[in-house]
Amino acid sequence: MRIGVITFPGSLDDRDAQRAVRLAGAEPVALWHGDHDLQKVDAVVLPGGFSYGDYLRAGAIASHAPIMAEVIDAANRGVPVLGICNGFQMLAEARLVPGAHTRNSHQQFIRRDQKLTVENVSTAWTGEFEQGEEIVIPLKNADGRFVADEQTIARIEGEGQVVFRYAEVNPNGSINDIAGVSNERGNVVGLMPHPEHATEPGFGPDTPLAMRSGIDGLRFFTSAISALVAR
Amino acid sequence: MPTIIVEVMPKAEILDPQGKAVAGALTRLGKTGYAGVRIGKRFEVSVDGPVTDEVLAEVRELANDIFSNSVIEDVVSITVDDAADGPAGETH
């Protein structure tokens, strides 16, 4: 099982995403934004960071990178694609998932261990969660406020395309506490918080059991592997 | 060199935190009488050659597809500033 992680100019979490893929039991494949080649990977991760310095709009310039033509094609064929933070912004800019992102309503960069509710467990990246399960993974962004027009919000709420919702605290003013969404088919998922930073004991969020022992992010990646095996 | 000016604003119904912060600063400075501030973007696209209908059509496309995101922003004006003839101010 090979999962590609695309590095863009300004990506920060590509190495962490590769590590998460390895910890989940798949082989990470480093992909480059300027190539027109997905190297026949089984799934794709668009990592977090500040591609192109967030110039124009977060994720906007990266969404037109050469390799995005192949990503859009693969997404439309049903290949699992996960966009994390800046990767989520790229997916939205590429119109692979609904909505868009603006500056956090409080105007500040925020970093916190964020509780989320899993709202849809039938996507390619959430099959190993329980419906309504609460998980904690790190969040860190400045442009994380998810917005869409009323009809779009009503549609994605109705179709189960809201995959994750912020619990307890809405950290950025996102409409309906939406933290992550999917495309209609459920193979493309984007979210602002960072599952790849909660995949290894000793380096994740604190839990009631022990400091930094939170590994709720690991199941994003094992879910994708299971979904691919089940095909 | 002629320049095409594209202006993009956040949609009216979208919260503009930057504009809100500036409006708050005005109030703190004692500048009353202003109901609000919204902040948008201005793109100055220098054209290598004359501004033909084709160039203008292409910039209109770029304005919609790249300079703005229609989910959160509107292209409010596209004007040609032909440096040789002074500001034309023609709105398309």
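Residues numbered from 1 in each chain as written. Chains lettered and ligands numbered in written order. Predicted model: local features only at pLDDT ≥ 70, side-chain atom pairs only at ≥ 80, totals over all residues.

Participant: Just give me the short version of the environment of Leu26 of chain B, but keep the residues and values in it.
Facilitator: Residues and elements named next belong to chain B. Structurally, the position occupied by Leu26 is in helix α1 (residues 17-28). Taking the number of C-beta atoms within 10 Å as the measure of exposure, Leu26 has 14 and is therefore partly exposed. Linking Leu26 and Val8, residues 18 residues apart in sequence, is a C-alpha distance of 23 Å. Contact partners of Leu26, with chain neighbours within four places excluded, come to Lys31, Tyr34 and Val37. (Helix = DSSP H or I, 4+ residues; strand = E, 2+ residues; numbered from the N terminus. Buried ≥ 20, exposed ≤ 12 C-beta atoms within 10 Å, placed from the backbone. Contact = placed C-beta atoms within 7 Å.)

Participant: Which residues make up the interface of chain A and chain B, and what values do they have?
Facilitator: Across the contact, twelve residues belong to chain A and eight residues belong to chain B. Classifying every residue of the side of chain A that touches chain B gives four nonpolar, five polar and three charged. (Nonpolar A, V, L, I, M, F, W, Y, C, P; charged D, E, K, R; others polar.)

Participant: If you had to explain the environment of Asp206 of chain A to someone new, which residues and values would you point to?
Facilitator: All names here are of chain A. Relative to the helices and strands, Asp206 resides in the loop between β11 (188-191) and α5 (218-229). For Asp206, a count of 12 C-beta atoms within 10 Å corresponds to the exposed category. Considered as a pair, Asp206 and Leu191 are 15 residues apart in the sequence and their alpha carbons are 21 Å apart. With residues up to four places along the chain from it excluded, the contact list for Asp206 reads Asp113, Met211, Arg212 and Gly214.

Participant: Could you give me a rundown of the nonpolar core, with the residues and numbers involved?
Facilitator: The tendency in soluble globular proteins is for nonpolar side chains to be buried side by side. In terms of nonpolar packing, the biggest core is built from 74 residues, with Val44, Leu91, Phe221 and Ala224 of chain A touching the most fellow members. Among the elements that make up this core, the one with the highest residue count is α5 of chain A (six residues). Excluding residues that lie within four positions of it along the chain, Phe221 of chain A makes contacts with Ala20, Val21, Ala24 and Ala26 of chain A. Counting eight residues, the second largest nonpolar core, distinct from the first, contains Ile4, Val6, Phe67 and Ile78 of chain B. (Core = buried A, V, L, I, M, F, W, Y, C linked by C-beta atoms within 7 Å.)

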